[in-house]
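Fold and geometry: a report
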Amino acid sequence: MNRRQAIAATAALFAAARATAPRGAFAQGSTVPEVKKAVLGYIALTDAAPLIIAKEKGLFAKHGMPDVEVSKQASWGATRDNLVLGGGAGGIDGAHILTPMPYLMHTGRVTQNSQPVPMAILARLNTQGQGLSVANKHKATGVTIDASGLKRAMTPESKVAMTFRGGTHDLWIRYWLAAAGIDPDKDLQTIVVPPPQMVANLKVGTMDAFCVGEPWPDQTVNQKIGFTAAVTGELWKDHPEKSLGMRADWVNANPKAAEALTAAVIEAQRWCDAEANKPEMCSIIGKRAWFNVPVTDILDRSLGNIDYGDGRKVEKSPLLMKFWRDHASYPFRSHEQWFLTEDIRWGVLPESTDTKKLIGEVNREDIWRAAAARAGVPAGEMPNGTSRGRETFFDGKVFDPENPAAYLASLSIKKTAAA
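Now for a quick tour of the structure.

Definitions and limits used
- Residues numbered from 1 in each chain as written.
- Predicted model: local features only at pLDDT ≥ 70, side-chain atom pairs only at ≥ 80, totals over all residues.
- Heavy atoms only, no water.
- Helix = DSSP H or I, 4+ residues; strand = E, 2+ residues; numbered from the N terminus.
- Expected span 1.5 Å × (residues − 1).
- Buried < 20%, exposed > 50% of the residue type's maximum accessible area, 1.4 Å probe, protein only.
- 1 Å grid on protein atoms, 1.4 Å probe; cavity = no way out; pocket = protein on both sides within 12 Å on 5 of 7 lines; lining within 4 Å.
- Points joined across faces, edges and corners; volume = space filled by probe spheres on them.
- Nonpolar A, V, L, I, M, F, W, Y, C, P; charged D, E, K, R; others polar.
- Phe/Tyr/Trp six-rings, centres within 6.5 Å; stacked < 30°, edge-to-face > 60°.
- Lys NZ or Arg CZ within 6 Å of the ring centre and 35° of its normal.
- Core = buried A, V, L, I, M, F, W, Y, C linked by side-chain atoms within 4.5 Å.
- Contact = heavy atoms within 4.5 Å.
- Disulfide = S-S within 2.5 Å.
- Salt bridge = Lys/Arg side-chain N within 4 Å of Asp/Glu carboxyl O.
- Polar contact = N/O pair within 3.5 Å; in protein donor to acceptor, adjacent residues only side chain to side chain.
- Pairing = 2+ DSSP bridges.
- Axes fitted to C-alpha atoms, helices over the stretch in contact; angles between N-to-C directions.
- Left-handed = near helix turned anticlockwise from the far one by under 90°.

Next up on the list: helix 12 (residues 255-272). Between the first and last C-alpha of helix 12 there are 26 Å, a value that for 18 residues agrees with the 26 Å anticipated at 1.5 Å per step. Among the 18 residues in helix 12, 15 count as buried, and that is most of the element.

Structure below.
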């Protein structure tokens, strides 16, 4: 056989192999991320752990993205501004983020000149794990999940803090107060304070109460400057919290990279939710490079051991922060429907908002499912649908995602004229 005949024979052999092999046999490259780098923001909150662990444990690298950066942000406002810039302009491509924020950015409600920044939610990062903290001077009111004791103590000059207008902490503290007949827009002042500054502000007496994620509520108790009236799981068991949000243009340009990032985060979430790993997780995120917080301020509540600071103590509470259990990672559309409905309730979004259309544009549960398969998640751990159905709150209110108007009508305190 001469050289020309040998080349032809080899080509024919490969052609025959391609014809008989399964379609994906020569398509390995189709799963390779388009880029090796993304810049992800995070705030110093325990629910950022999946991003930090994915970086520290080499999970981004495992999924083909070794150059992912996880960059600390000073506040949720800074997170928004850096997402507007984008990673290519010195900002960030995605973030550990308050679940409503991508929607508020997507619609231009919280961006400069009301300019929409298309966004995507790829995963939920956690459920539960936030605290409703109150200054020690109000301890005698006996306030717990029932905030009615504060009604006598609050004045129009009283200040309660949350972390971002229309964000999760804003909605939790508003729901809690309103359920007790306290109008957060008339009976007191709500102010914005970045999470890491909550404890210091309470210590100097500039506010009466706040809502934020761990470790700051537990640090408040440990420093004996306030107490936890309630953890937010008491308000709504297994409520959604933070998300993995990305700029939509980045996701559209790098769909395989988006899937790889999400797969790494899912693996990290499963690791974080194993009780045996909690001490190591808290040790890692407490480091100076990440939170610069004592492990003792993080570990107890990560294990479900809650010292409320007012004499109540609970061990192994089911209301601890969850990263994976009970489908904590899945971005249920029904959950996002509640957030948008509450933002309509408080005037952050207009009443005319087409919430289902908006969720269809931002929610990328399709990427989550592909990423979960990529991460080796067993089929039995996948949710069956995109909705959790009806949700019941501590005060007996019921949210039906198929009828949010009925839920809004059942609420006595609301402001539905968009600001």
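Here the narrative resumes, following the displayed structure.
Here we come to empty space enclosed by the protein. Considering all chains together, one arrives at one cavity of 30 Å³ or more under this definition. In this structure, the largest cavity spans a volume of roughly 120 Å³. If you trace the largest cavity, you find 13 residues lining it, with Gly129, Glu214, Arg301, Leu320 and Met321 closest to the centre. In terms of residue class, the lining of the largest cavity is made up of six nonpolar, five polar and two charged.

Our focus in this paragraph is the packing of aromatic side chains. Counted according to the given criterion, the structure contains 16 aromatic pairs. Through successive ring pairs, a cluster of aromatic residues spans Trp172, Tyr175, Trp236, Trp338, Phe339, Phe393, Phe394, Phe399 and Tyr407. The residue whose ring lies beneath Arg174 is Trp346, and the NZ or CZ to ring-centre distance is 5.0 Å.

Below, the discussion takes up the nonpolar core. If you look at the biggest cluster of nonpolar residues, it comprises 125 residues, and the most contacted ones within it are Phe60, Trp176, Trp250, Leu261, Phe291 and Trp338. For this core, the element with the most residues is helix 12, which contributes eleven residues. Once residues lying within four places of it in the same chain are set aside, the contact partners of Phe60 are Leu40, Leu51, Ala54, Lys55, Met65, Pro66, Val68, Val70, Leu261, Ala264 and Val265.

What follows covers the state of the cysteines. Counted according to the given criterion, the structure contains zero disulfides. Take Cys211: it sits in no disulfide, and the sulfur closest to it among the cysteines is that of Cys282, at 20 Å. Here Cys272 is not disulfide-linked; the sulfur of Cys282 is the nearest cysteine sulfur, at 9.0 Å.

Overall, the coordinates contain 31 salt bridges when judged by the stated rule. Here Asp170 makes a salt bridge to Arg165, at a shortest N to O gap of 2.9 Å. The salt bridge partner of Asp366 is Arg364, with a shortest N-O separation of 2.8 Å. With a relative accessible area of 41%, Asp366 lands in the partly exposed category. Given a relative accessible area of 22%, Arg364 falls into the partly exposed group.

Inspection of the secondary structure assignment puts Glu342 in helix 15 (residues 333-345). Among the polar contacts listed, one links the side chain of Glu342 to the side chain of Tyr407, at a separation of 2.6 Å. Once residues lying within four places of it in the same chain are set aside, the contact partners of Glu342 are Leu171, Tyr175, Tyr407 and Leu411.

Taken as a whole, the largest pocket holds about 160 Å³ of empty space. Across the lining of the largest pocket, the residue classes break down as five nonpolar, three polar and two charged.

For the rest of this paragraph, the subject is the pairing of strand 3 (residues 94-98). Across the five residues of strand 3, five count as buried, placing the element largely inside the fold. Pairing geometry for strand 1 (residues 39-42) and strand 3, over two bridges, is parallel. Across the sheet, residue Leu40 finds its bridge partner in strand 3, namely Gly94. Relative to strand 10 (residues 242-247), strand 3 is paired through five bridges, and the arrangement is antiparallel. Bridging from a neighbouring strand, His96 pairs with Leu244 of strand 10.

Attention now moves to the environment of Asn136. Relative to the helices and strands, Asn136 resides in the loop between strand 5 (130-135) and helix 6 (150-153). Separated by 173 residues in the primary sequence, Asn136 and Gly309 have C-alpha atoms spaced 9.1 Å apart. Non-local contacts of Asn136, meaning those with residues more than four positions away in its chain, are made with Lys224, Ile225, Gly226 and Phe227.

Interaxial distance between helix 7 (residues 168-179) and helix 15 falls to 11 Å at its minimum, and their mutual angle equals 65 degrees. Helix 15 is crossed by helix 7, and the crossing has left-handed handedness. Across the interface between the two elements, Thr168, Leu171, Trp172, Tyr175 and Ala178 of helix 7 pack against Trp338, Phe339, Glu342, Asp343 and Arg345 of helix 15. Looking at the contact of helix 7 with helix 15, its residues break down into six nonpolar, one polar and three charged.

Next up on the list: the sheet that holds strand 3. Strands belonging to one sheet form pairs held by backbone hydrogen bonds; the direction of such a pair is parallel or antiparallel. Taken in spatial order, the five strands line up as 2-1-3-10-4 in an open sheet, and their pairing is mixed. Sheet topology places strand 2 (69-72) and strand 4 (119-124) at the edges, where each strand pairs with a single neighbour. The sheet shows a mean angle of 35 degrees between the axes of neighbouring strands, taken without regard to direction. Pairing of strand 4 with strand 10 involves five bridges; the strand directions are antiparallel. The residue bridging Ile121 from the neighbouring strand is Gly245, located in strand 10. Contacts between helix 12 and the sheet are confined to strand 1, strand 4 and strand 10, with strand 4 contributing the most and set at about 30 degrees to the helix.

The side chains of a regular strand alternate, residue by residue, between the two faces of the sheet. Burial of strand 1 is two-sided: the residues Val39 and Gly41 facing one way and the residues Leu40 and Tyr42 facing the other way are all buried. Two strands pair when backbone bridges link them, and strand 1 and strand 2 are joined in this way by four bridges, in the parallel orientation. Looking at strand 2, one finds that Gly41 is bridged to Ser71.

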